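Chain by chain, the residues run as shown.
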Amino acid sequence: MYFETIQHGGCISYLIGCEESYAAAVVDPVKEKFDRYLGLAAARGMSLRYAIDTHVHADHFSACRELARTHGIPIVMHRVSPVPFVDIPVDDGETIIVGKLRIRILHTPGHTADSMCLVLEDRVLTGDTLLLGATGRTDLPTGDASQLYDSLFNKLLKLDDSLVVYPAHNYKGSPNTTLGEQRSTNPRLQKKERSEFIEQMATLNLGMPDHLTEALRTNRTGGKTVGQLIEEATRDISFMQLAEVKHRLDQKDLGFVILDVREKAAYESSHIPGALHLARGQLELRVDEMFPDPTVRILTYCQLGKISTLAAHTMRCMGYTRAVALDGGFQKWVDSGYPVEK
Ligand SMILES: [Fe+2]
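Being a predicted model, the structure only gives us computed values, none of them experimental.

All right, on to the overall build of the chain then. Counting its secondary structure elements, the chain contains 12 helices and 18 strands. Each principal axis of the C-alpha distribution contributes one length, and for the chain these read about 75 × 45 × 35 Å. Across the 342 residues in the chain, those meeting the buried criterion constitute 51%. At a minimum sequence separation of 6, the contacts of the chain that also span at least 24 residues come to 63%.

So this is what it looks like as structure tokens:
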């Protein structure tokens, strides 16, 4: 079996491949590692057959939808998952066949209602049901500490003690140990009474994950993240470096219009010398009146360089094919000690 661990911050995804048939499955893929999964599979001569999410993630952006869309592979999730584009809804006790490999589904609600663990011959991918030295939290949508208790003590921990645990998170770089070792050393598993286990989960006082609502929105609907919108726009336009703009300003030979797309108050307090103003929110409505000639060369900028990327992209879509964005924002311009106009 080919088995690769791919880490992104504290999130772990896995590439599992059959070395006889060259079929592979990716488990809990994140958008940021999209190209990595394809590269790893290709380097081993394998092709992806399944994208599996162990549950709806609230703390990262799943790449399942994108993998399905671009590579025509089915998405596998538990049948109670609220995700509307699951191709193979699965349930407890069922098996996904990847070449000669068998991945058995264990429904383990608790962290979320749709959580499942994936059991292979010598290991178990525990999603966020069981982490190394911890468990998944139960205070996010559809979480339930009593269900997690059952999933752990009456299901997962009934499996063979020698199975090696591969969770969906590993924040501290803990070594992968066996289920047996987790049972005896994992502090959360020492509360063996249901009531004390539930109380322990209720008093963890964990902060909310970054981008919680954005992750739930995109993972449940297949919609795009803000980062993805900006990345896609970035691919479709060209940019101009800050130093290049400064140089051209110094030469008094710009060759383009500078367009500040921030809100009016920000523009009025200070801006790049000579810049015109058209807020991003008004762009589509007012651009024709402001620039009747679509062949005009325009440089957009905003505070951080992200909204201006979207603005230049929108303008290109509208036919302003010489719209470019500043590589960096007004903030960087000021930090570089470049001149501003009040
Ligand atoms: Fe999770």
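As a further point, take the sheet that holds strand 7 (residues 95–98). Strand order in the open sheet formed by 5 strands is 7-8-9-10-13, with mixed pairing between adjacent strands. Where the open sheet ends on each side, the last strands, each with one partner, are strand 7 and strand 13 (164–167). Pairwise comparison of adjacent strand axes, ignoring direction, gives a mean angle of 25° for this sheet.

The full count for this structure, using the stated rule, is 8 aromatic pairs. Their ring planes at 75° and their centres at 4.9 Å tell us that W333 and Y338 sit as a pair that is edge-to-face. Of the aromatic side chains, those joined through ring pairs into one cluster are F3, Y14 and Y166. Lying over the aromatic face of F85, R65 brings its terminal NZ or CZ to 4.2 Å of the ring centre. When the ring centre of F3 is taken as reference, the NZ or CZ atom of R123 above it lies at 4.3 Å.

Buried accessible area, meaning the area lost when the parts come together, often serves as the stated size of an interface. Under the domain assignment used here, the chain contains domain 1 (2–221) and domain 2 (226–335). Put simply, the middle of domain 1 and the middle of domain 2, counted by C-alpha atoms, are 42 Å apart.

The next thing to look at is the packing of helix 3 (residues 145–153) against helix 5 (residues 194–202). Relative placement of two packed helices is described by the angle separating their axes and the distance separating the axes. At a closest axis distance of 9 Å, the pairing of helix 3 and helix 5 adopts a crossing angle of 120°. In this view, helix 3 runs oblique relative to helix 5, as classed from their interaxial angle. Crossing hand, helix 3 versus helix 5: right-handed. The residues of helix 5 that touch helix 3, namely those facing A145, S146, L148, Y149, D150, L152 and F153, are R194, F197, I198 and M201. Of the residues contributing to the contact of helix 3 with helix 5, the split by class is 8 nonpolar, 1 polar and 2 charged.

Metal coordination angles have textbook ideals: 109.5 degrees for a tetrahedral set of four donors and 90 or 180 degrees for an octahedral set of six. Summarising the metal site, the iron ion is bound by the protein donors H55 (NE2), H111 (NE2) and D128 (OD), whose distances to it range over 2.1 to 2.2 Å. Along the chain, the residues that donate to the iron ion are spaced as H-x55-H-x16-D. Separated by 73 residues along the polypeptide, H55 in the loop between strand 4 (47–52) and helix 2 (64–71) and D128 in the loop between strand 10 (123–127) and strand 11 (130–131) bring together distant segments of the chain. By relative accessible area, H55 is classed as buried at 1%. Among the residues examined, D128 registers a relative accessible area of 3% and is labelled buried.

The next thing to look at is the pairing of strand 4. On any regular strand, side chains alternate: one points to one face of the sheet, the next to the other face. Bridge count for strand 3 (residues 23–27) against strand 4 is 5 bridges, and the pairing is parallel. Bridge pairing links A25 to Y50 in strand 4. On the question of chirality, the crossover connecting strand 3 to the parallel strand 4 by way of helix 1 (residues 34–43) is right-handed.

With that settled, the discussion passes to helix 1. Among the residues making up helix 1, those that are buried are F34, Y37, L40 and A41. Across the axial projection of helix 1, the buried residues extend over an arc of 140°, all falling on one side. Structural note: helix 1 exposes D35, A42 and A43 on the side pointing more than 90 degrees away from its buried face. On its buried side, helix 1 packs onto strand 1 (2–8), strand 2 (11–17), strand 3 and helix 2. Of the residues flanking the end of helix 1, it is G45, one or two places downstream, whose phi is positive at about 70°.

Viewed as axis vectors pointing N to C, helix 7 (residues 226–236) and helix 11 (residues 307–317) meet at an angle of 55°, and their least axial separation amounts to 9 Å. In terms of axis orientation, helix 7 runs oblique to helix 11. Crossing geometry of helix 7 relative to helix 11 is assigned as left-handed. When helix 7 is examined against helix 11, the residues L229, I230, A233, T234 and D236 are found in contact with a partner set consisting of T309, L310, H313 and R316.

What counts, and where the lines are drawn
- Residues numbered from 1 in each chain as written.
- Predicted model: local features only at pLDDT ≥ 70, side-chain atom pairs only at ≥ 80, totals over all residues.
- Heavy atoms only, no water.
- Helix = DSSP H or I, 4+ residues; strand = E, 2+ residues; numbered from the N terminus.
- Buried < 20%, exposed > 50% of the residue type's maximum accessible area, 1.4 Å probe, protein only.
- Contact = heavy atoms within 4.5 Å.
- Pairing = 2+ DSSP bridges.
- Axes fitted to C-alpha atoms, helices over the stretch in contact; angles between N-to-C directions.
- Phe/Tyr/Trp six-rings, centres within 6.5 Å; stacked < 30°, edge-to-face > 60°.
- Lys NZ or Arg CZ within 6 Å of the ring centre and 35° of its normal.
- Domains from an automatic or database assignment.
- Parallel < 35°, antiparallel > 145°, perpendicular 65-115°, else oblique.
- Left-handed = near helix turned anticlockwise from the far one by under 90°.
- Nonpolar A, V, L, I, M, F, W, Y, C, P; charged D, E, K, R; others polar.
- Donors = N, O, S within 2.8 Å, 3.2 Å for Na, K, Ca; no water.
- Right-handed = clockwise from strand over helix to strand, strands pointing away.
- Arc of directions from axis to C-beta.

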